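Residues per chain, in single letters:
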Amino acid sequence: MSKKVVVLAEAREGALRNVSFEAISAAKKISDGGEVVAALFGQDVSGLANSLFEYGADRVVLVEHPHLNFYTADGYSQALLAVVDQEKPEAIVLGHTALGKDLSPKVASRLQTGLISDVTSIEGEGDDAQFIRPIYSGKAFEKVEAASEPLFVTVRPNNIEPLEAEAGKTGTVDTLSVDITNLRTVVENVIRKATDGVDLSEAKVIVSGGRGVKSEEGFAPLKELANLLGGAVGASRGACDAEYCDYSLQIGQTGKVVTPDLYIAVGISGAIQHLAGMSNSKIIVAINKDPEANIFKVADYGIVGDLFEVMPLLIEEVKAL
Ligand code: FAD
């Protein structure tokens, strides 16, 4: 049976995050031919609706309010509850981002309904949809079915392919007026870390450094390679603890979980807590001078050697492409 599915589009600093399009793609599978409605919150964000149509949304519900300019659990939950109340969807899909992880359990519990979080793929469609999600820090996967309605689903960034964009596709934008109240006052919301532009959790390529990089300056070639490949720099906790880089770059069990197309681990031993954050990357390349390093067990390609010799060669090769 076809279903109506609401997707919460995530915008940051005037641009939609890629995970919004991935969530629409997931919603299409869950809807099985039903309507996919994108909910768009913010202030002066109506211009973003076109991209949502191009990536598969059938309709957009726009909630604009000064209190939705920045994310707050209070404001966004009131807006999302209003959309759910109006649309009465069978499912609501969000990105498994900091926002989605915070908002989805709050709204699902308010509606006394279920949440399937951190979904990496969906098998089947509509009533037959089964959701695959990693458990035990990615060491195993479980397959889950919906047992409540409306069902909340969060999708892990970079796992579900967005639909091919249909340039110029448009649709109806319905404006919903929501009286957002009871807010805490946000004094300052976004403190930008120096991530050189590419968002780590959505990066297609990550060059990640560990304690083997030895210093803050040692990260320079990693940044250069990441820039050449249009990617982002990540790090192990070992490197963060040693103050070679900021904790915002940490990948792993207590850092960010990433699934880029290409993960290059440089001077990282491959502790289980690090693997928890990156072992689902599509292709893993490891550079380590220790041939017994655990990282080679998950690597598709391994280079046994001194990173200070290997990195300049790799950069030269990429420049020559
Ligand atoms: P090391 O283990 O010291 O490895 C350095 C590697 O560099 C070695 O393999 C070495 O052979 C190689 N190397 C050295 N010099 C060179 C060179 N010149 N050329 C090539 N290779 C070289 N860790 C995380 O990363 N993320 C987490 O989220 C995380 N969460 C944790 C949570 C808990 C509760 C605990 C207990 C630990 C957690 N850790 C986490 C820490 C984790 O256990 C490891 O200590 C950490 O990942 C090690 O970082 P590393 O691989 O950079 O350093």
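Read on for an overview of the structure. Everything quoted here is computed from the prediction, not taken from an experiment.

1. Concerning the side chain of R133
Phase 1 of the analysis: When you line up the elements, R133 lands in strand 9 (residues 130–135).
Phase 2 of the analysis: In this structure the side chain of R133 is engaged in a polar contact, spanning 2.7 Å, whose partner is the side chain of E142.
Phase 3 of the analysis: Not counting residues within four places of it along the chain, the set of residues in contact with R133 comprises I116, S117, D118, V119, T120, A140, F141, E142 and V144.

2. Describing the state of the cysteines
Phase 1 of the analysis: Summed over the entire model, instances satisfying the criterion amount to zero disulfides.
Phase 2 of the analysis: With no disulfide partner, C240 has as its closest neighbouring cysteine sulfur the one in C245, 4.0 Å distant.
Phase 3 of the analysis: The class for C240 is buried, based on a relative accessible area of 1%.
Phase 4 of the analysis: For C245, a relative accessible area of 16% gives the class buried.

3. Points about the nonpolar core
Phase 1 of the analysis: Of all hydrophobic cores here, the largest spans 33 residues; its most connected members are L40, L52, V93, F131 and V155.
Phase 2 of the analysis: If you list the elements that add at least two residues to this core, you get strand 1 (5–9), helix 1 (18–31), strand 4 (36–42), helix 2 (49–54), strand 5 (59–64), strand 6 (91–95), strand 7 (115–119) and strand 11 (151–155).
Phase 3 of the analysis: Examining the composition of this core, we find that seven residues originate from one element, helix 1, more than from any other.
Phase 4 of the analysis: Beyond its immediate chain neighbours, meaning those up to four positions away, V155 contacts V19, A23, A26, V93, L94, G95, H96, V119 and I160.

4. A closer look at the pattern of salt bridges
Phase 1 of the analysis: Within the structure shown, the criterion is met by 18 salt bridges.
Phase 2 of the analysis: For K282, the salt bridge identified is with D261, shortest N-O distance 3.3 Å. Of this pair, K282 sits in the loop between helix 7 (272–278) and strand 16 (283–288) while D261 sits in the loop between helix 6 (237–241) and strand 15 (262–266), and the two are 21 residues apart along the sequence.
Phase 3 of the analysis: Judged by its relative accessible area of 44%, K282 falls in the partly exposed class.
Phase 4 of the analysis: Note on D261: relative accessible area 33%, which makes it partly exposed.

5. Here's the deal with the environment of V266
Phase 1 of the analysis: By the secondary structure assignment, V266 is in strand 15.
Phase 2 of the analysis: Expressed as a C-alpha distance, the spacing of V266 and G210, which sit 56 residues apart in the sequence, is 6.2 Å.
Phase 3 of the analysis: Discounting residues that sit within four places of it in the chain, V266 has contacts with V207, S208, G209, G210, V213, L222, I287, L307 and M311.

6. Describing the site of the ligand
Phase 1 of the analysis: Lining the immediate surroundings of the ligand are 26 residues, of which R211, S236, T254, S269 and N288 lie closest.
Phase 2 of the analysis: Between the ligand and R211, the relevant distance is 2.7 Å, taken from an oxygen atom to a main-chain nitrogen or oxygen of the residue.
Phase 3 of the analysis: In this structure, an oxygen atom belonging to the ligand sits 3.5 Å away from a main-chain N or O atom of G238.
Phase 4 of the analysis: Counting residues per element, the ones that place at least two in the shell around the ligand are helix 6, helix 7 and helix 8 (307–320).
Phase 5 of the analysis: Residues that form the shell around the ligand fall into these classes: five nonpolar, 15 polar and six charged.

7. Regarding the sheet that holds strand 15
Phase 1 of the analysis: Reading across the sheet, the five strands line up as 14-13-15-16-17 and stay open at both edges, with parallel pairing between neighbours. Where the open sheet ends on each side, the last strands, each with one partner, are strand 14 (232–235) and strand 17 (301–304). Sheet twist, expressed as the average angle between the axes of neighbouring strands with direction ignored, equals 20°.
Phase 2 of the analysis: With four bridges joining them, strand 13 (residues 205–209) and strand 14 adopt parallel strand pairing. Each residue of the ladder has a partner; that of I206, found in strand 14, is A232.

8. Things to note about the packing of aromatic side chains
Phase 1 of the analysis: If you walk through the whole model with that rule in mind, you get three aromatic pairs.
Phase 2 of the analysis: With centroids separated by 5.4 Å and ring planes inclined at 70°, the aromatic side chains of F41 and Y76 adopt a geometry described as edge-to-face. Of this pair, F41 sits in strand 4 while Y76 sits in helix 3 (residues 73–87), and the two are 35 residues apart along the sequence. Residue F41 shares its accessibility class with Y76, and that shared class is buried.
Phase 3 of the analysis: Ring centres of Y71 and Y76 lie 5.0 Å apart, and the angle between their planes is 70°; this geometry places the pair in the edge-to-face category.
Phase 4 of the analysis: With relative accessibility at 21%, the residue Y71 sits in the partly exposed group.
Phase 5 of the analysis: Under the relative-accessibility criterion, Y76 is labelled buried at 6%.
Phase 6 of the analysis: Put simply, the rings of F41, Y71 and Y76 pair up and form one aromatic cluster.

9. Describing the packing of helix 5 (residues 220–228) against helix 8
Phase 1 of the analysis: Two numbers describe how helix 5 lies on helix 8: the axes approach to 10 Å, and their chain directions differ by 20°. In terms of their interaxial angle, helix 5 and helix 8 are classed as roughly parallel. Seen along the crossing, helix 5 lies across helix 8 with a hand that is left-handed. From helix 5, P221, L222, E224, L225 and L228 reach across to helix 8, where they touch M311, L314, I315, V318 and K319.
Phase 2 of the analysis: Class assignment of the residues belonging to the contact of helix 5 with helix 8 gives a composition of eight nonpolar, no polar and two charged.

Thresholds applied
- Here the residue numbers are simple positions, counted from 1 along each chain's written sequence.
- Per-residue local features of the predicted model are confined to residues with pLDDT of at least 70, and side-chain atom pairs are confined, for both listing and counting, to 80 or more; whole-chain, interface and lining totals are unaffected and use all residues.
- Note that the side-chain values use all heavy atoms of the structure and ignore hydrogens as well as water.
- By the criteria applied, helices consist of DSSP H or I runs no shorter than four residues and strands consist of E runs no shorter than two, each listed in order from the N terminus.
- Within 3.5 Å is the distance limit for a polar contact, defined as a pair of N or O atoms, with the added protein rule that one can donate a hydrogen and the other accept it, and that residues adjacent in sequence qualify only through two side-chain atoms.
- Any two residues whose heavy atoms approach within 4.5 Å at even a single point are treated as in contact.
- The rule for a disulfide is simple: a pair of cysteine sulfur atoms within 2.5 Å.
- Relative accessibility thresholds used throughout: buried, under 20% of the residue-type maximum; exposed, over 50%; partly exposed, between the two (1.4 Å probe, protein chains only).
- We call a set of buried residues a nonpolar core when its members are Ala, Val, Leu, Ile, Met, Phe, Trp, Tyr or Cys and they connect through side-chain atoms within 4.5 Å of each other.
- The salt bridge definition used is simple: a Lys or Arg side-chain nitrogen within 4 Å of an Asp or Glu carboxyl oxygen.
- In these notes, residues near a molecule or strand are those with any non-hydrogen atom within 4 Å of it.
- Under the grouping applied here, Gly and all other residues not named as nonpolar or charged are polar, the nonpolar ones being Ala, Val, Leu, Ile, Met, Phe, Trp, Tyr, Cys and Pro and the charged ones Asp, Glu, Lys and Arg.
- When DSSP locates at least two bridges between a pair of strands, those strands are taken to pair.
- Throughout, an axis means a line fitted to C-alpha atoms (over the contacting stretch in the case of helices), and angles, computed between N-to-C directions, take values from 0 to 180 degrees.
- Think of it this way: a Phe, Tyr or Trp ring, Trp meaning its six-membered ring, pairs with another when their centres are within 6.5 Å, and the plane angle makes it stacked under 30 degrees, edge-to-face over 60, tilted otherwise.
- An angle below 35 degrees is treated as roughly parallel, one above 145 as roughly antiparallel, one from 65 to 115 as roughly perpendicular, and anything else as oblique.
- Rotating anticlockwise by less than a right angle from the far helix to the near helix defines a left-handed crossing, while the corresponding clockwise rotation defines a right-handed one.

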